[in-house]
Amino acid sequence: MKTAFDISYRLSHLSGSSAGCRDEVFAPVGTTVTSRPTLTLRNQDVSGNASFQSSGPLVPPTKSAEKIPTFFPWSIFNLLFIPFGILCCYFSHKVSQFKMQNRYEAANVWSKRTFVINIITTLLMVGVIITIVMLHYDYEQRNIDPSVNQTRTTGPYIPWQPGR
């Protein structure tokens, strides 16, 4: 009867040396081990039984940074609001640098930061424009030329007061 102590292992050598080889094949004592079959492409000849195991080290697939948005057009529009627009363009530039280096995680983080800073800048810009328009309208209402024939009330006009 064979026990766990009877099991030995053998290293499969890819280049003939055992340095840096992590592929271990376990087999009971006295049996021979053949190398694992490799997955072949569909346009190659299939010889023997192919499986879905690869003979090389497993490397996780890297994500492509090409689909990460840089928000450059939005950042350029935000240049109308100078201090934050420059910051938006800088963030968009950082995203494109990380995309060129194919650094997915860094590009993704900076893309999210660019999105948030673009939203904040756009909202601030809209708020400033609305405030300027309201202040201008108030200024025009206070400085109406008295020589022009206009009906002015003595107090504020409140539409729900009876008799007005």
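Everything below is about the structure shown above.
**Comments concerning the packing of aromatic side chains**
With the rule as written, the count across this model stands at seven aromatic pairs. Between Trp74 and Phe115 the ring centres are 5.8 Å apart and the planes differ by 70 degrees, which places this aromatic pair in the edge-to-face class. Linking Trp74 in helix H1 (residues 72–77) with Phe115 in helix H3 (residues 104–142), this pair joins segments that are 41 residues apart in sequence. A ring pair is formed by Phe98 and Trp110, whose centres lie 6.4 Å apart and whose planes are at 40 degrees; its orientation type is tilted. Of this pair, Phe98 sits in helix H2 (residues 82–100) while Trp110 sits in helix H3, and the two are twelve residues apart along the sequence. Across this residue pair, the class does not change: Phe98 and Trp110 are buried. Ring pairing ties together the aromatic residues Tyr90, Phe91, Phe98 and Trp110, which thus form one cluster. A cation sits over an aromatic face here: Lys94 above Trp110, 5.6 Å from the ring centre.

**Details of H2**
With 19 residues, H2 should cover 27 Å at 1.5 Å per step; its first-to-last C-alpha distance of 27 Å lies within 8% of that length. Residues of H2 that are buried in the fold lie against H1 and H3. Count one or two residues on from H2 and you reach Asn102, which has phi positive near 60 degrees.

**Some remarks on the packing of H2 against H3**
In contact at an axis separation of 9 Å, H2 and H3 are set at 160 degrees when each is read in the N-to-C sense. For the element pair H2 / H3, the angle class is roughly antiparallel. For the pair H2 and H3, the crossing hand works out as left-handed. Here Phe84, Gly85, Leu87, Cys88, Phe91, Ser92, Lys94, Val95, Phe98 and Lys99 of H2 come into contact with H3, specifically with Ala106, Ala107, Trp110, Ser111, Arg113, Thr114, Ile117, Asn118, Thr121 and Leu124. Residues that form the contact of H2 with H3 fall into these classes: eleven nonpolar, six polar and three charged.

**Remarks on H3**
Given a rise of 1.5 Å per residue, 39 residues ought to cover 57 Å, and the 57 Å separating the end C-alpha atoms of H3 matches this to within 8%. Of all the positions in H3, only Ala106, Ala107, Trp110, Ser111, Thr114, Ile117, Asn118, Thr121, Thr122 and Met125 are classed as buried. Next to the buried residues of H3 lie H1 and H2.

**Quick word on a nonpolar patch on the surface**
Where nonpolar side chains cluster on the molecular surface, the patch consists of Phe84, Leu87, Tyr90, Phe115, Val116, Ile119, Ile120, Leu123 and Leu124 and spans about 750 Å² of accessible area. Of all elements in the fold, only H2 and H3 reach the threshold of two or more residues within the nonpolar patch. The dominant element in the nonpolar patch, judged by the number of residues it contributes, is H3, at six residues. Secondary-structure assignment places Leu87 in helix H2. Judged by relative accessible area, which is 32%, Leu87 ranks as partly exposed.

Basis of the calculations
Residues numbered from 1 in each chain as written. Predicted model: local features only at pLDDT ≥ 70, side-chain atom pairs only at ≥ 80, totals over all residues. Heavy atoms only, no water. Phe/Tyr/Trp six-rings, centres within 6.5 Å; stacked < 30°, edge-to-face > 60°. Helix = DSSP H or I, 4+ residues; strand = E, 2+ residues; numbered from the N terminus. Buried < 20%, exposed > 50% of the residue type's maximum accessible area, 1.4 Å probe, protein only. Lys NZ or Arg CZ within 6 Å of the ring centre and 35° of its normal. Expected span 1.5 Å × (residues − 1). Contact = heavy atoms within 4.5 Å. Axes fitted to C-alpha atoms, helices over the stretch in contact; angles between N-to-C directions. Parallel < 35°, antiparallel > 145°, perpendicular 65-115°, else oblique. Left-handed = near helix turned anticlockwise from the far one by under 90°. Nonpolar A, V, L, I, M, F, W, Y, C, P; charged D, E, K, R; others polar. Patch = residues over 30% accessible without salt bridge, like charges linked within 9 Å, V, L, I, M, F, W, Y side chains within 5 Å. Areas by Shrake-Rupley, 256 points an atom, 1.4 Å probe, with all protein chains shown as cover. Salt bridge = Lys/Arg side-chain N within 4 Å of Asp/Glu carboxyl O.

The values reported here are purely geometric and, on their own, carry no functional implication.
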